[in-house]
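# Reading the structure
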Amino acid sequence: MEHENAVMSRKKRIAVIATGGTIAGSGKIGEAGLYKAGTLSVQSILSSIPQIEELADLHLETVCSKDSNDISMEDLCAIKSAAERFEQDPSIDGIVITHGTDTLEETAFFLNLVLNVTKPVVMTGAMRPATAASADGPMNLYQAVALAADCKAAKMGVLAVLSDTIYSGRDLTKVNSIKTDAFEVGDPGPIGYMQDGRVYLIHSPYRRHTFYSRFSCPIPEKLASVEIFYVHAQSDPELLRYMLERYDGVVLAGSGSGNYSSEIEDIIESYEGPCTIIRASRLIEGAAFDSPVFDPKEKTIPAHRLSPHKARILLQMGLSSSCSKEELRRLFLEY
Ligand code: SIN
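Because the structure is predicted, anything quoted here is derived from the model rather than measured. (Residues numbered from 1 in each chain as written. Predicted model: local features only at pLDDT ≥ 70, side-chain atom pairs only at ≥ 80, totals over all residues. Heavy atoms only, no water.)

### Points about the overall build of the chain
Looking only at helices and strands, the chain features ten helices and 16 strands. For the chain, whose C-alpha radius of gyration is 21 Å, the value lies close to the compact-globule estimate of 20 Å for 335 residues. Dimensions of the chain along its principal axes, counting C-alpha atoms only, are 65 × 50 × 35 Å. Burial analysis of the chain (335 residues in total) assigns 52% to the buried set. Within the chain, residue pairs in contact and separated by at least 24 positions form 71% of the contacts whose partners lie at least 6 positions apart. Accessible area for the chain stands at about 15000 Å²; split by element, carbon and sulfur atoms hold 51% of it. Charge centroids of the chain, computed over 33 positive and 44 negative side chains, lie 2 Å from each other. (Helix = DSSP H or I, 4+ residues; strand = E, 2+ residues; numbered from the N terminus. Rg over C-alpha atoms; globule rule 2.2 N^0.38 Å. Buried < 20%, exposed > 50% of the residue type's maximum accessible area, 1.4 Å probe, protein only. Contact = heavy atoms within 4.5 Å. Areas by Shrake-Rupley, 256 points an atom, 1.4 Å probe, with all protein chains shown as cover. Lys, Arg positive; Asp, Glu negative; His and termini not counted. Charge placed at Lys NZ, Arg CZ, Asp CG, Glu CD.)

### A look at the site of the ligand
Close contacts around the ligand come from Gly21, Thr22, Asp67, Ser68, Gly100, Thr101, Asp102 and Ala126, and that covers them all. Side-chain polar atom of Thr22 to an oxygen atom of the ligand: 2.9 Å apart, as the coordinates give it. Measuring from an oxygen atom of the ligand, one finds a side-chain N or O atom of Thr101 at 2.4 Å. For the ligand, whose free accessible area comes to 250 Å², the fraction covered by protein is 95%. (Near = heavy atom within 4 Å. Polar contact = N/O pair within 3.5 Å; in protein donor to acceptor, adjacent residues only side chain to side chain.)

### A closer look at the nonpolar core
Grouped together as the largest cluster of nonpolar side chains are 52 residues, with contacts concentrated most on Leu111, Leu113, Leu172, Leu314 and Phe332. Residue contributions to this core reach at least three from each of two domains, namely domain 1 (9-212) and domain 2 (226-334). Those residues in contact with Leu314 that sit more than four places away from it in its chain are Phe109, Leu113, Phe215, Leu306, Leu331, Phe332 and Tyr335. In this structure, Ile49, Ala56, Val122 and Ala126 belong to the second largest nonpolar core, which totals 30 residues. (Core = buried A, V, L, I, M, F, W, Y, C linked by side-chain atoms within 4.5 Å. Domains from an automatic or database assignment.)

### A short note on the sheet that holds strand β12 (residues 198-201)
Think of a sheet as strands paired side by side through backbone hydrogen bonds, with each pair either parallel or antiparallel. On the basis of which strands lie adjacent, the open sheet formed by eight strands has the order β4-β1-β5-β6-β7-β8-β11-β12 and mixed pairing. With one partner strand each, in any of the chains shown, β4 (56-66) and β12 form the two edges of the open sheet. Across this sheet, the average inter-strand angle for adjacent strands is 25°, counted without regard to direction. The sheet contact formed by strand β1 (residues 12-20) and β4 spans eight bridges and is parallel. Each bridged residue has a counterpart across the sheet, and for Arg13 the counterpart in β4 is Asp57. Contacts between helix α4 (residues 73-88) and the sheet are confined to β1, β4 and β5 (94-98), with β4 contributing the most and set at about 165° to the helix. (Pairing = 2+ DSSP bridges. Axes fitted to C-alpha atoms, helices over the stretch in contact; angles between N-to-C directions.)

### Some remarks on the pattern of salt bridges
For the structure shown, the criterion picks out 18 salt bridges. Between Glu238 and Arg241 there is a salt bridge whose closest N-O contact spans 3.2 Å. On the criterion of helical spacing, the pair formed by Glu238 and Arg241 is a turn pair, its members being three residues apart in helix α7 (residues 237-246). Look at Arg241 and you get partly exposed, because its relative accessible area is 40%. Across the pair Glu269 and Lys297 runs a salt bridge, and its minimum N-O distance is 3.7 Å. You can see Glu269 sitting in helix α8 (residues 262-270) and its partner Lys297 sitting in the loop between β15 (276-281) and β16 (300-302), a full 28 residues away along the chain. Residue classification places Glu269 among the partly exposed positions, given a relative accessible area of 23%. Classification of Lys297 by relative accessible area gives exposed; the value is 52%. (Salt bridge = Lys/Arg side-chain N within 4 Å of Asp/Glu carboxyl O.)

### A look at the domain arrangement of the chain
For the chain, the assigned domains are domain 1 (9-212) and domain 2 (226-334). If you average the C-alpha positions of domain 1 and of domain 2, the two centres end up 30 Å apart. Taken residue by residue, the interface counts 19 residues in domain 1 and 14 residues in domain 2. Summed over both sides, the interface between domain 1 and domain 2 buries roughly 1400 Å², with carbon and sulfur atoms accounting for 57% of that surface. (Buried area = accessible area lost by both parts, 1.4 Å probe.)

So this is what it looks like as structure tokens:
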């Protein structure tokens with residue numbers, strides 16, 4: 001209690017883990033399109049938002065400086081280990097992670113599965129480089145720090161703040177390649193909104209995450225190989241046959257509610273090998289459930305609301321933790 005009172009009366013201290021992305025991008029002054037991601041330090045972005053000092057003292061740590069399309073499993077493990085170190089550090093109250101927007105949702109979902117943390121963890125990024133006219137990164141970073149400094153954001157799993165909106169790391173999806181308001185969550189709706197540095201929460205995430213996730217332990221050294229088969233009209237079924245032979249798991253990015261052609265159905269129905277097949281939908285709303293029509297023998301596991309790329313991550317963690325088929329089915333209901 002004494003410790004809590006002391007924390008409430010002192011200025012908050014937030015750790016900022018930088019990984020690169022457009023938020024740290026630079027290019028032709030004033031232009032939004034021509035730039036290189038991950039070239040500036042967080043320190044240089046902070047110089048344009050001096051008022052951030054009123055919110056919190058910052059501790060900066062750079063894990064990598066990359067376009068997020070190049071984020072590796074080693075980078076993700078380095079983010080996990082930095083965040084868990086800050087969790088153990090009593091002088092740190094919350095954690096912000098700056099990241100490119102292209103794969104932000106994948107890192108957010110992965111961290112939501114594996115971080116053993118209860119302190120607020122808030123990811124952010126930007127659609128315009130720091131050198132663009134009206135860059136969005138400084139405000140996003142300011143609001144991410146404000147949210148991470150708010151104890152109401154504790155035990156909420158990984159959150160993300162972009163464009164005045166608070167998203168759950170489980171649900172957010174990049175839906176626009178140009179606009180600064182580039183993210184959506186579909187049916188669940190946002191966790192809340194920001195107005196300047198003020199936090200308005202609407203609801204809390206329902207699914208398992210972070211400190212009560214079964215994956216919030218060290219990442220296994222050898223991870224299962226899982227890839228995505230994108231279904232479209234006239235998809236080549238031989239490509240799926242090849243993937244089933246080659247990978248430990250395949251996620252079908254199905255049409256509609258996780259559907260596919262009768263040729264693909266035949267391959268799946270007759271498949272008896274060890275590869276685990278997940279049936280996801282390539283649509284951003286709705287869900288893929290068990291399908292007595294497309295998969296009467298239940299050879300596949302439905303991903304429900306998870307996108308194919310998030311289902312890939314959950315399957316990889318499940319297979320790498322030696323989950324049985326029944327446990328894998330449960331994972332897709334619990335996460
Ligand atoms: C990236 O994801 O690193 C580049 C694109 C962005 O941050 O918006």
